[in-house]
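# Survey of secondary and tertiary structure
Chain by chain, the residues run as shown.
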Amino acid sequence: MIEIIQLLINGILLGSILALGAVGATMIFGVLRFAHFAHGDFMAIGAYFALTVVTVFNLPVLAALPVAMLLTGGLAILIDQVVYRRIRRVQPVILLIASFATALVLRSFIQMVWGSSNQVYQVGIQLPWRIGPFTLKPDHLLIFAAAAGLVLIVHLFLSRTRMGKAMRAMSDNMDLALVTGIPANRVIMWTWAIGGALAAAAGVFLGMDTRLHPVMGWTLLLPIFAATILGGIGRPYGAILGGLVIGCAMELSTLVIPGAYKPAVAFAIMVATLVFRPQGIIKGNA
Amino acid sequence: MDMAGLSAYAVFFLSLVGIYAIMALGLNMQWGMTGQFNIGIAGFFAVGAYTTAILTSAPAESRVGGFDLPFLVGLAGSVIACIPVAWLVGRITARLRTDYLAIATIGIAEIIRLFFVNESWLSNGTRGIPGIEKPFGLGNNGYLLIIIAFVALAWLLVEIARRSPWGRVLRAIRDNEPATAAAGKDIARFRLQAFITGSCLMALGGGLYAHFVGFVSPEAFRPLYGTFLVWVMLIAGGSGNNLGAMLGALVVWLIWSSTEMIAGLVPTALIGSESAFRVFLIGVLLQIILVSRPQGLLPEKRPPMPGEKR
Amino acid sequence: MSLMSAEALYAGYGGVDILRNLHLRVEADEIVVIIGPNGAGKSTAMKAMFGLVPIRSGAVSYRGETITNQPAERMVSRGIAYVPQEANVFPSLSVVENLELGAYVLRGPNGPRMERVFEIFPRLKERRHQQAGVMSGGERQMVAMGRALMVEPTLLMLDEPTAGLSPRLIDETFERIRGINQLGIGVLMVEQNARQALAAADRGYVLATGENRYEDTGPALLANPEVAEMFLGG
Ligand SMILES: Nc1ncnc2c1ncn2[C@@H]1O[C@H](COP(=O)(O)OP(=O)(O)OP(=O)(O)O)[C@@H](O)[C@H]1O
Ligand SMILES: [Mg+2]
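Bear in mind the structure is a predicted one, so any value in this text is a computation, not a measurement.

### Regarding the side chain of S61 of chain C
Within the secondary structure layout, S61 of chain C lies in strand β4 (residues 55–62). Discounting chain neighbours no more than four positions away, the residues touching S61 of chain C are L3, M4, S5, T66 and I67 of chain C.

### Examining the interface of chain B and chain A
Chain B puts 40 residues into the contact, and the matching count from chain A is 39 residues. Between chain B and chain A the total buried area reaches about 3,500 Å² when both faces are included, carbon and sulfur atoms providing 83% of it. Among the residues chain B hides against chain A, the three largest losses belong to Y100, I103 and Q287 of chain B. Together they make up 18% of the total. Linking chain B with chain A are three residue pairs in polar contact (both at pLDDT 80 or more), by the criterion used here.

### A closer look at the sheet that holds strand β3 (residues 31–35) of chain C
Residues and elements named next belong to chain C. A sheet is described by the order of its strands in space; here six strands give the open sequence β6-β7-β8-β3-β9-β10, paired in mixed fashion. The strands lining the two open edges of the sheet, one partner per strand, are β6 (80–83) and β10 (211–217). The mean inter-strand angle of the sheet, taken between neighbouring strand axes irrespective of direction, is 15°. Examined bridge by bridge, β3 and strand β9 (residues 203–208) share four bridges and lie parallel to one another. The residue bridging I35 from the neighbouring strand is V206, located in β9. Each of β3, β7 (155–159) and β8 (186–190) is contacted by helix α7 (residues 167–182), which is oriented at about 150° to β8, the strand it contacts most.

### Section: the side chain of Q30 of chain B
All names here are of chain B. With respect to the helices and strands, Q30 occurs in helix α1 (residues 3–33). Separated by 3.0 Å, the side chains of Q30 and S199 make a polar contact. Ignoring sequence-local partners within four residues, the contact set of Q30 consists of G35, Q36, N38, A194, F195, G198, S199 and M202.

### Observations regarding helix α6 (residues 162–172) of chain A
Along α6 of chain A, ten of the eleven residues are buried, which leaves the element largely enclosed by surrounding structure. Taken residue by residue, α6 of chain A has M163, G164, K165, A166, M167, R168, A169, M170, S171 and D172 of chain A as its buried positions. The secondary structure elements touched by the buried residues of α6 of chain A are α1 (2–32), α5 (138–160), α7 (174–180) and α8 (184–209) of chain A together with α3 (95–102) of chain C.

### Points about unusual backbone geometry
Residues and elements named next belong to chain C. Not every positive phi belongs to a glycine, and N69 is a case in point at roughly 60°. Residue class for N69 comes out partly exposed when judged on its relative accessible area of 39%. For E152, which is not a glycine, the phi torsion comes out positive at approximately 50°. Relative to the helices and strands, E152 resides in the loop between α6 (137–149) and β7.

### Looking at the site of ligand 1
All names here are of chain C. The local shell around ligand 1 holds 13 residues, among which G39, K42, S43, T44 and Q192 are the closest. In the model, a nitrogen atom of ligand 1 is placed 3.3 Å from a nitrogen or oxygen of the Y13 side chain. One of the side-chain N or O atoms of Q192 is found 2.9 Å from an oxygen atom in ligand 1. Protein coverage of the free-state accessible area of ligand 1, which is 630 Å², stands at 59%. With three residues, helix α1 (residues 42–49) is the single largest residue contributor to the shell around ligand 1. By residue class, the composition of the shell around ligand 1 is four nonpolar, seven polar and two charged.

### A word on the packing of helix α9 (residues 218–231) of chain A against helix α4 (residues 98–118) of chain B
Interaxial distance between α9 of chain A and α4 of chain B falls to 10 Å at its minimum, and their mutual angle equals 135°. As judged from the angle between their axes, α9 of chain A and α4 of chain B are oblique. For the element pair α9 of chain A and α4 of chain B, the recorded crossing hand is left-handed. For the pair α9 of chain A and α4 of chain B, contact is made by W218, L221, L222, F225 and I229 of chain A and by Y100, I103, I106 and G107 of chain B, respectively. For the contact of α9 of chain A with α4 of chain B, the class distribution of residues is eight nonpolar, one polar and no charged.

### Describing the interface of chain C and chain A
For interface size, the figure often reported is the accessible area lost on association. On the chain A side, the residues contacting the 24 residues of chain C number 19 residues. Here chain C and chain A share an interface that buries about 1,800 Å² over both sides, 58% of which is from carbon and sulfur atoms. When the buried surface of chain C facing chain A is broken down by residue, F90, L101 and Y104 of chain C rank first, second and third, together holding 38% of it. For the interface between chain C and chain A, the tally reads two salt bridges.

### A closer look at the arrangement of the chains
Counting contacts across all two pairs of chains that touch, the top-ranked interface belongs to chains A and B. There is no contact between chain B and chain C; across them, the least C-alpha separation is 17 Å.

### So, the coordination of the magnesium ion (ligand 2)
The magnesium ion (ligand 2) binds to the protein through S43 of chain C (OG) and Q85 of chain C (OE1), with metal-donor distances spanning 1.9 to 2.2 Å. With S43 of chain C in helix α1 and Q85 of chain C in the loop between β6 and α3, this pair connects stretches of sequence that are 42 residues apart.

### Notes on the pattern of salt bridges
Under the definition given, this model contains 26 salt bridges over all chains. The shortest N-O distance in the salt bridge between D172 of chain A and R235 of chain A comes to 3.6 Å. Placement of the pair is D172 of chain A in helix α6 and R235 of chain A in the loop between α9 and α10 (236–252), with a sequence separation of 63 residues. For R235 of chain A, a relative accessible area of 13% translates into the label buried. Here E139 of chain C and R123 of chain C are joined by a salt bridge, their closest N and O atoms 2.8 Å apart. Here E139 of chain C is found in helix α6, whereas its partner R123 of chain C is found in helix α5 (residues 122–126), with 16 residues between them in sequence.

Scoring rules and cut-offs
- Residues numbered from 1 in each chain as written.
- Chains lettered and ligands numbered in written order.
- Predicted model: local features only at pLDDT ≥ 70, side-chain atom pairs only at ≥ 80, totals over all residues.
- Heavy atoms only, no water.
- Helix = DSSP H or I, 4+ residues; strand = E, 2+ residues; numbered from the N terminus.
- Contact = heavy atoms within 4.5 Å.
- Buried area = accessible area lost by both parts, 1.4 Å probe.
- Polar contact = N/O pair within 3.5 Å; in protein donor to acceptor, adjacent residues only side chain to side chain.
- Pairing = 2+ DSSP bridges.
- Axes fitted to C-alpha atoms, helices over the stretch in contact; angles between N-to-C directions.
- Buried < 20%, exposed > 50% of the residue type's maximum accessible area, 1.4 Å probe, protein only.
- Near = heavy atom within 4 Å.
- Areas by Shrake-Rupley, 256 points an atom, 1.4 Å probe, with all protein chains shown as cover.
- Nonpolar A, V, L, I, M, F, W, Y, C, P; charged D, E, K, R; others polar.
- Parallel < 35°, antiparallel > 145°, perpendicular 65-115°, else oblique.
- Left-handed = near helix turned anticlockwise from the far one by under 90°.
- Salt bridge = Lys/Arg side-chain N within 4 Å of Asp/Glu carboxyl O.
- Donors = N, O, S within 2.8 Å, 3.2 Å for Na, K, Ca; no water.

The structure is reproduced here in structure tokens:
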């Protein structure tokens, strides 16, 4: 029982990170109609942006977080304007391949600038707190709190602001959004900005929890897509739920199968969703 | 480089072009002809490479196998082992839309990689399997001929398939699935057949590769080497066109190899890592191709439909 | 000066003209109805005028200004609102959110605008927090029309607003449209329920194969034996 609760704590931690990635991925999927394969690498580059801020200005990670989010959001807009925008009107699969190329370009860029070895934000070991039989690192609490805060901000943005509603509308029904006079290009740019910024946050949290590595994001891409599909394409609230479910399932699975196969668990849930309930647990617009 | 060095390099170069050409042909069968978006090429490549490695290498203590079987048996094993894997993948993903299939196939490739990393009893884990010999005591030169023979065979196979009524149905599915279904074709079956055939070609490429380098390890199957280059080749060459796929393999491998020279010219201090810089260049190149010429060097030429005038 | 007019339109999809030499005109305060067989190009005519289908030749003007091939955003800002034939609500958004988005191009508070829409469709006020996707067909049509009215249009373009509704709801819808028109909003609509639509309309057009066939006042078209035979089921 104790073990299960400990795993659930880890699962919610991983789930929060996945949720932040999945919210952006699902909005991009919903608004632009393609699976963005560079999303994991947005996470990674965001984490590295924060690393630079941390090392150059000697700031705590959480202070570097907004900078990393801003830079990654801007980078996402830039990539969209330079590459994706030009091929939006061609076949959607061309976009898919282009995003695959973006993933590699970003990853190799990271290797060129920051090197390929593991890095951490803070050297030295953080002493975990022992609460009864459970262990919890102070960083974990920070991650929970910051992730929850971001989710709340996203929720307020989506439910209260004109742009947030326009974004949901475009993901719901693109043609009607155009007919209504919603400016598609502006909404798309906002979508990239938010998707990129949230991915950066997920990457920073992942880096705080583990370490920084050029493929750190790519390895989470599959669970993120799984969360996206489970939650229903274009459904940000579904993506949050999906992220938590996938995170917990991955951690709990270590009770019965070797930990190395955690990604396979995410994959199995995803395939089961696609086969049995393709619209997701919350009905998506796939 | 002297003459001998140059020709040795040419042989090395062409061998890899040949192996990639086979995989590009396999991908063309899936994507170019049928419209199936497989980005799990690395997984099928790995199945092929490991199968022949296990079958043909010398017996080893630390793992199952090392059966010391002949080269051709190993390659046949590669292809045969791929069939159930591809069948399973194809069945699971049969009804998925393009983008979901893409996501599913990276998942499968990742799981195959995890399998070979973790199941040391079979794959020797991250240490990999060494000592995979070239057949008939051949050197690189002789082995190149074998590769060329397999490229010719693969090309013949896919070209016959493309012109056959079967290939026409595949294209019809790709271009207009509802109409094809309405014409009474069992779409799922045709798709599955094309998926398995294409995947087996990828496994064949993996098998040939294993004997070429003499060593397999999970490192060789990162998405880049297995998957990305093959996609660049097919898109650059012209998807749907088998000659284009092979031409793409040659051109892209040429570019890929020359990025090594470019990387050599730029001071390392500026680019950090040479291999990363090469990936960066090839990624940017693909973006440029996609933005400026999405139909590739040799666009698809369709064989006329029966009764259609050209 | 007409509110909106189309002169000699040639337009279609992918280089094939669906509309051939189409003429249409809506005066301010008028209800104008387009009828015609399936595939006649009625929806295409609406889309072309609204800038959604490229016009190859001819001109669309709005209050004397040429607006041919302008993006939808501009049309909406000018006061033209369009309700498509299908998929005309945002299903995962609530009624209120659907309405708010209708006024996306306008500045200023939405409250008064929304109150006016609720006056026309009281049912929407009752269900304002409902997701549009789970509402009945009739309610969805109300949301769609309400969304269009939010932009305070001078011209409302409706593509088959009564499709799939029960006879009672059809009557109600035409009643509403007349009410909207009495607020000084011009209405251009495509209708399958030709008889009732013509009865409600000031003028009507009959389209067939993308061309004008007949044009007259509502009652005159109703009385026209050829129109009656072809489109009103004898
Ligand atoms: N997006 C499109 N691409 C190509 N052709 C189209 C498209 N939409 C409609 N068409 C064709 O244009 C013609 C006119 O269609 P349109 O939808 O305007 O007819 P309609 O009069 O509105 O019919 P209905 O009463 O069924 O709504 C039809 O032949 C149709 O097949
Ligand atoms: Mg119509």
